[in-house]
There are 2 protein chains.
Amino acid sequence: MKIRKLASASQAFNYPLLIKSILAYSTKIEPEREIVYRDLIRYNYFTLTKRVNKLANVLESLEIDGAQTIAVLDYDSHRYLECFFAIPMTGNVLHTINWRLSAAQILYTINHAEDTLIICHADFLPLLESMAQEMTTVKGIIVCTDEPSYKSNNTLTVYGEYESLLAKVSDEFDFPDFDENAVATTFYTTGTTGNPKGVYFTHRQLVLHTLSICFTFSTIDGACRFNNSDVYMPLTPMFHVHAWGFPYVATLSGAKQVYIGKFEPESVLKFFMKEQPTFSHCVPTILQMFVSHPATQNIDLSKWKVVIGGSALPKPLAKAALLRGVDVITGYGMSETCPIVSTVYVSPEEQQNLDIDFQVEARTRTGTPSAFVDIRLVDEQGNTIAHNGEDVGEITLRTPWLTQGYFKEADKSEDLWRDGWLHTGDVASMNKDNSLKICDRIKDVIKSGGEWVSSIELENMIGLHEAVQEVAVVSIPDAKWGERPHALIVTKDGKAISKESLHAHMKQFVDAGKITPWTVPASVNFTLVIPKTSVGKIDKKAIRASIDTV
Amino acid sequence: MKIRKLASASQAFNYPLLIKSILAYSTKIEPEREIVYRDLIRYNYFTLTKRVNKLANVLESLEIDGAQTIAVLDYDSHRYLECFFAIPMTGNVLHTINWRLSAAQILYTINHAEDTLIICHADFLPLLESMAQEMTTVKGIIVCTDEPSYKSNNTLTVYGEYESLLAKVSDEFDFPDFDENAVATTFYTTGTTGNPKGVYFTHRQLVLHTLSICFTFSTIDGACRFNNSDVYMPLTPMFHVHAWGFPYVATLSGAKQVYIGKFEPESVLKFFMKEQPTFSHCVPTILQMFVSHPATQNIDLSKWKVVIGGSALPKPLAKAALLRGVDVITGYGMSETCPIVSTVYVSPEEQQNLDIDFQVEARTRTGTPSAFVDIRLVDEQGNTIAHNGEDVGEITLRTPWLTQGYFKEADKSEDLWRDGWLHTGDVASMNKDNSLKICDRIKDVIKSGGEWVSSIELENMIGLHEAVQEVAVVSIPDAKWGERPHALIVTKDGKAISKESLHAHMKQFVDAGKITPWTVPASVNFTLVIPKTSVGKIDKKAIRASIDTV
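Because the structure is predicted, anything quoted here is derived from the model rather than measured.

Notes on the environment of Phe272(A)
All names here are of chain A.
- With respect to the helices and strands, the residue Phe-272 is situated in helix H9 (residues 265-275).
- Here the alpha-carbon distance between Phe-272 and Val-258, two residues 14 residues apart in the chain, equals 9.0 Å.
- Each residue touching Phe-272, except ones within four places of it in the same chain, is listed here: Met-233, Pro-277, Phe-290, Ile-299, Asp-300, Leu-301 and Trp-304.

Regarding the side chain of Thr278(B)
- Checked against the element boundaries, Thr278(B) lands in the loop between helix H9 (265-275) and strand E12 (279-282).
- The residues touching Thr278(B), leaving out its near neighbours within four places in the chain, are Asp230(B), Val231(B), Lys303(B), Trp304(B) and Lys305(B).

Focus: the sheet that holds strand E8 (residues 183-189) of chain B
Residue and element names in this part refer to chain B.
- Reading across from one edge, E7-E6-E5-E3-E4-E8-E9 is the order of the 7 strands in this open sheet, with mixed pairing throughout. The open sheet is flanked by strand E7 (158-161) and strand E9 (197-202), the only strands paired with a single partner. Across the sheet, the mean angle separating the axes of adjacent strands is 20° when strand polarity is ignored.
- Where strand E3 (residues 69-73) lies against strand E4 (residues 93-96), 4 bridges are found, and the strand directions are parallel.

Quick look at the pairing of strand E18 (residues 393-398) of chain A
Residue and element names in this part refer to chain A.
- Counting buried residues along E18, 6 of its 6 residues qualify, which places the element largely inside the surrounding structure.
- Here 5 bridges tie strand E17 (residues 374-378) to E18, and the two strands are oriented antiparallel to one another. What sits directly across from Ile-375, in E18, is Leu-397.
- Pairing between E18 and strand E19 (residues 422-430): 4 bridges, direction antiparallel. Residue pairing for E19: Leu-397 is matched across the bridge by Leu-422.

Some details on the environment of Ile497(A)
All names here are of chain A.
- Assignment of secondary structure puts Ile-497 in the loop between strand E24 (482-491) and helix H16 (499-511).
- Residue Ile-497 is classed as buried on the basis of its relative accessible area, which comes to 11%.
- For Ile-497, the residues in contact, after removing those within four places along its chain, are His-465, Ala-467, Val-468, Ile-489, Thr-491, Leu-502 and Phe-526.

Details of the relation of the copies chain A and chain B
- Note on the identical chains: chain A maps onto chain B by a rotation of 180° and an axial translation of 0.0 Å, with an RMSD of 0.1 Å. Expressed as a symmetry operation, the mapping of one chain copy onto the other fits a two-fold axis. Residue Ser218(A), judged by its C-alpha, is the member of chain A lying nearest the rotation axis, at 2.7 Å.
- Interface residue correspondence from chain A to chain B reaches 100%, placing this contact among same-surface, isologous pairings.

Quick word on the confidence of the model for chain A
- When pLDDT is averaged across chain A, the result is 94; 98% of the residues are at 70 or more.
- This complex was scored by the predictor with a pTM of 0.93 and an ipTM of 0.93.

What to know about the packing of helix H2 (residues 45-61) of chain A against helix H3 (residues 78-89) of chain A
All names here are of chain A.
- Taken N-terminus to C-terminus, the directions of H2 and H3 make an angle of 60°; their axes are 9 Å apart at the nearest point. Between H2 and H3, the angle falls in the class oblique. Seen along the crossing, H2 lies across H3 with a hand that is right-handed. Each of Leu-48, Arg-51, Val-52, Leu-55, Ala-56 and Leu-59 in H2 lies in contact with H3, whose residues at this interface are His-78, Leu-81, Glu-82, Cys-83, Phe-85, Ala-86, Ile-87 and Met-89.
- Its residues assigned to classes, the contact of H2 with H3 shows 11 nonpolar, 1 polar and 2 charged.

Topic: the interface of chain A and chain B
- At the interface, 85 residues of chain A touch 85 residues of chain B.
- In this assembly, chain A packs against chain B so that about 7,200 Å² is buried in total across both faces, 59% of it on carbon and sulfur atoms.
- Its largest share of buried area at the contact with chain B, chain A owes to Arg4(A), Tyr15(A) and Phe372(A), together 12% of the area lost on that side.
- At the surface where chain A touches chain B, the tally comes to 6 salt bridges.

Some remarks on the sheet that holds strand E9 (residues 197-202) of chain A
Residue and element names in this part refer to chain A.
- Within the open sheet, the 7 strands sit side by side as E7-E6-E5-E3-E4-E8-E9. Their pairing is mixed. Looking at which strands have only one partner, the edges of the open sheet turn out to be strand E7 (158-161) and E9. For this sheet, the mean inter-axis angle between neighbouring strands, taken without regard to orientation, is 20°.

What counts and what doesn't
- Residues numbered from 1 in each chain as written.
- Chains lettered and ligands numbered in written order.
- Predicted model: local features only at pLDDT ≥ 70, side-chain atom pairs only at ≥ 80, totals over all residues.
- Heavy atoms only, no water.
- Helix = DSSP H or I, 4+ residues; strand = E, 2+ residues; numbered from the N terminus.
- Contact = heavy atoms within 4.5 Å.
- Pairing = 2+ DSSP bridges.
- Axes fitted to C-alpha atoms, helices over the stretch in contact; angles between N-to-C directions.
- Buried < 20%, exposed > 50% of the residue type's maximum accessible area, 1.4 Å probe, protein only.
- Least-squares fit on C-alpha atoms with pLDDT ≥ 70 in both.
- pLDDT = per-residue confidence, 0-100.
- Parallel < 35°, antiparallel > 145°, perpendicular 65-115°, else oblique.
- Left-handed = near helix turned anticlockwise from the far one by under 90°.
- Nonpolar A, V, L, I, M, F, W, Y, C, P; charged D, E, K, R; others polar.
- Buried area = accessible area lost by both parts, 1.4 Å probe.
- Salt bridge = Lys/Arg side-chain N within 4 Å of Asp/Glu carboxyl O.

Below you can see the structure in the form of structure tokens.
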């Protein structure tokens, strides 16, 4: 197909999509709204802008003049927000370090990302000092602290304390325009195998992701809407996929923002009551704390909107939150996707439905893809799967805000983007209403008799047996079926369940047409503990390995 | 400043911003919402998509295979909306013809734009037939009609009637991806001198303009907000700068849309009552009709949000509309700017203020620039003017959605973009709250004694004299001051006002420091009629010319 392109006037300005435009707008609409850090700091958007300018001057004074990677190792803070802007706006790359990784993994990511500077909270200084000799690219550290002083043992070059450095420099900085495809951020995703992998996002990608969130959460009249009169308080770490992109949304629109520092339930509840946030995002565990912690029982949660991600929102928790008046929905995304790909849409009519169980079902869906998100579900041969709510396939994606590869991992980058679509490794179905339902990770799916069987669905079915406390299902090779499921079960009384009892229990699902007879686990082990990963997920790789050695 | 760019995986998809993504999303959230055309057509977003596919197949069958310009000459209609998508999505360029131009100007724009096909309402066929011999590039016509038949005199090649052509082709079409910088639309702007000038916008520009409107009207908690539960009814012609971009916003979000066809007050009011629109945009004259027409006195306007543009919203009209409960604000833009550059922001606190005069003042401001809009006010030497609410300068702009030139007008393109900023020709001040106030067109400003004096402000002052019915102020050369103002006055009784009386009247403004003594018009003519342009604006060029010949 032919298209027409026209030459521009010689001086016409080809406006790049840069993060600096997000900050620039923060002082235009509601500049007096506040950015709050714990009970320690409280300033407006004019001050944010001046402090970002100051941080840029500090970087320049350290001869960090673009194209360098600067890591941040801090809790959620106003400083972190400043780094979200000053580092990419100076042409540098912001590396948000996941302090939940092991020390060895953190060291790996610092060296692999080629960090030259680390902006580090004093709490993490001992960690960095312990690995000082092995850091290959870091030239120095800026220390952040809320205390009058901090302890350092001189194994690191410390340029100074963040506030002291900012105090010395001008609060003006003229940020230049540059190519919108410049890399702005990077961070690492950990699979169950191999080293962490670095994803990266450009200025253009982050601007478009920001505008996409504004469209999804404001223009679409769904549940859990955001506008700039909301008070935003993130409850996921800012290192975690740009805090899902919301700090950029809140800053662009000029909403009040509240950052809680180190997560301690008591102080979080104190800040919650004082600042009265209306919009947050978190993993289910944090929501659980808010809903069930005795100290929250007298707190009004009915003006609080919460987006849940990271793992599936359990229905009992959704119900408990809804009963407290929380406007909760789930979203879906991953490190490779910036992250937001889909969010639950509850239509105006559905929002009027007062049946609590209806609302629980509606709000725990995986969600509807955002605008400018193309989703294709594919089988193992790469064929497209129908959107009929039943057939399942791997979610593959195209959007304007996907990592274009893994940093310095050519083979894994090619595999991620094989066939021109980003392969998420998640298996899902999509119904005719355009609502996605995630079934499993693709490596956990059991490919049996030419069909894909969700290990999670089998776990849910087995879990309904009265004697079962916890269960994990993995695949084992099978000469006839290709693969068949193997179940590892923890029983309530610690004793094995008979084969007959389990088969009788599973027969109801076979009879109902939900599974085929050959996907009833023929092989079952009983155990006292199911192996888990460091973030609490069932470690199916370890389970498969243990079977191989049986 | 250095930046870092990273290579993508070889098959990574570099997602272009294309209009097809806007249409693609229209069937995802609320696909059953309706597009309504008068009382004749009513269909949902699935049908819209199929009809866009059909129109693409019609174009393909006519061997219009991209990079060709296709003109539309229709009233606001569902067909026009289909053209907003099918024409650019096939790589072609949509030329929206302004049927308010003179026949000679319409012919000029058809030939200058190099239209190969015109999709033409039957009402305009006689016009096209009258110029058939002079159209240099048009190969044929598709006729649109709501009647069973139409009259044609065979001077034109007619491919067929729109609906009949659509009926013959498949409702499937696979729109390809292409460069987001492909031109999508073009139309002509008429100044007071010379031929109409063609502006043009790319897919990327229109997508970003769409997302910008969503941010401004949804995420910002101002007055006159839009979300996709609104019922959208444009009251400005769709040829007029993409109907200000809102058809793309309404389609992306899946809002109900109502198109009124030929503007006839009685039928418009009938459709208004039947479809109950909640969001419209129009020029002041149309709002005036809704507020003051006797037939509207029993219509509830209190759920209606209206954006006013095209010319300034008179305060008495703003007041009358507010008293009817209309949530009205003004916006600013022009053909060269896609168009939206600024809209009035009324803060949540201001919205609570029940004083009607306060609301009138708040809502008749020129507005606050949108995000990603950089405004620089400059004097004649190109120096930046302070934002202090007093100093005035020409508005120059950078945004991601400005025409990059005038089609086939290299010199005018260079002049438009001199110094790397788009020169609007509008003179304004900006206050510290980032609110713009337009004073005049730059060519009407009186440059006197080193200062810029707004001809409109002088007209307002003179207009307060009890004997004055209407007044126009233009500049005349002056040896001492460079320029001085000249006033052309229509009095209420048709008799001249004495020089002494006028000077005494103007002295109050001099004494109040609003104008300098030398900007009191020394030269005054009296007349019975002030010359106007075809769109009703004071024709200052004609007035200046008439003085020259005195």
